[in-house]
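Below are the chains, spelled out letter by letter.
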Amino acid sequence: MKQTLRAKSSKYISFIIAVVLLLGLVYYQYTRVLENTDHHLVYALDDTYIHMAMAKNLAKHGVYGVTKYEFSSSSSSPVWTLLLSLFYVIFGVNEWLPLVLNILIAIMILYVMYKILISNNVNQYIIAITLIAAIFTIPLYAMIFVGMEHLLHALISIIYIWLLSYLIKEPNKRQVILLYILTPFLVMTRMEGYFLVACTVIL
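Residues numbered from 1 in each chain as written. Predicted model: local features only at pLDDT ≥ 70, side-chain atom pairs only at ≥ 80, totals over all residues. Heavy atoms only, no water.

## Here's the deal with the confidence of the model for the protein chain
Where the model shows low pLDDT, its predicted coordinates should not be examined in detail. We apply this condition: Looking at any residue, its pLDDT shows the predictor's confidence there, from 0 to 100. Each helix is a run of DSSP H or I of at least 4 residues and each strand a run of E of at least 2, with the numbering of both proceeding from the N terminus.
Per-residue confidence for the protein chain averages 90 on the pLDDT scale, and 96% of its residues sit at or above 70. Here helix α1 (residues 2-11) stands out as the least confident element of the protein chain, with mean pLDDT 57; helix α5 (residues 97-119) is the most confident, with 96.

## Points about the packing of helix α2 (residues 13-36) against α5
We count it as follows: To define axes, lines are fitted to C-alpha atoms, for helices over the stretch in contact only, and angles between the resulting N-to-C directions are given on a 0 to 180 degree scale. Note on angle classes: values under 35 degrees are labelled roughly parallel, values over 145 roughly antiparallel, values of 65 to 115 roughly perpendicular, and the remainder oblique. In this scheme, a crossing is called left-handed if the near helix is turned counterclockwise away from the far one by less than a right angle; it is called right-handed if the turn is clockwise. Two residues form a contact once any of their heavy atoms are found within 4.5 Å.
At a closest axis distance of 10 Å, the pairing of α2 and α5 adopts a crossing angle of 155°. The pairing of α2 with α5 is recorded here as roughly antiparallel in orientation. Seen along the crossing, α2 lies across α5 with a hand that is right-handed. Of the residues in α5, those in contact with S14, F15, A18, V19, L22, L23 and V26 of α2 are I103, A106, I107, L110, Y111 and Y114.

## Digging into the nonpolar core
This is how the line gets drawn: Buried Ala, Val, Leu, Ile, Met, Phe, Trp, Tyr and Cys residues that are joined via side-chain atoms within 4.5 Å together make up what is termed a nonpolar core. Categorising residues by exposure relies on relative accessible area from a 1.4 Å probe, with only protein chains included: less than 20% of the type maximum marks a residue as buried, more than 50% marks it as exposed, and the intermediate range marks it as partly exposed.
Counting residues in hydrophobic clusters, the biggest one holds 52 residues, and the most contacted among them are L22, L110, L140, I144 and L151. Per-element tally for this core: the top contributor is α5, with 13 residues. Discounting chain neighbours no more than four positions away, the residues touching L22 are A106, I107, L110, I135, L140, Y141 and I144.

## Overview of the packing of α5 against helix α8 (residues 150-169)
Quick note on the threshold: Classes in brief: Ala, Val, Leu, Ile, Met, Phe, Trp, Tyr, Cys and Pro nonpolar; Asp, Glu, Lys and Arg charged; the others, Gly included, polar.
Where α5 meets α8, the axes come as close as 9 Å, and the angle between the chain directions of the two elements is 20°. When the axis of α5 is compared with that of α8, the two are roughly parallel. Taken as a pair, α5 and α8 cross one another with a handedness that is left-handed. Along its contact with α5, which presents N102, I105, A106, M108, I109, V112, M113, K115, I116 and S119, the element α8 presents L151, L152, A154, L155, I158, I159, W162 and Y166. A breakdown of the residues in the contact of α5 with α8 according to their chemical character gives 15 nonpolar, 2 polar and 1 charged.

## Quick look at the environment of A55
When you line up the elements, A55 lands in helix α3 (residues 46-61). Exposure remark for A55: the relative accessible area of 0% places this residue in the buried category. On a C-alpha basis, the gap between A55 and A106 in space is 21 Å, while along the polypeptide they are 51 residues apart. Those residues in contact with A55 that sit more than four places away from it in its chain are T81, L84, S85 and Y88.

Structural data, given as structure tokens:
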């Protein structure tokens, strides 16, 4: 039993190292934010607060708008606004939710990258370097504090390209269906997703 657990942990060691590093950087960045904002959580862009206001109005009043009085198409990412609204219904309206969601999504990005690399028989050393590089070059730890849909778009894009790579090599009906399902979520998360869809159509 102990050997099995040890084997499983060693298999995921590169992913675990990357997650620990990410959380450490997030904690450091979080303390820096509080030092400069009188110990209040403040997001880097005002767009974040537009999403939060629309999500709150949708959750509490059933109105998709920046106010509770009328509809307004003010969101650049309907999927992100709807996701925030769903979690506001479940957990209540609070300013922490975009931060927590982005932390979870960042971890999911690292996991999907890990799965892609491990499925291509890349060794743990190279995987660890790749995941750590992703943390600093995207950069994951900084994008978390923007509190917007950028990391969700990155996650969906990575999964989309992963599915597409399999379809190019060996067409599979199940993967085609998954790609069709993922496509509207991709473009409704960020409009830049249209470029990826256009490339997919050409391929």
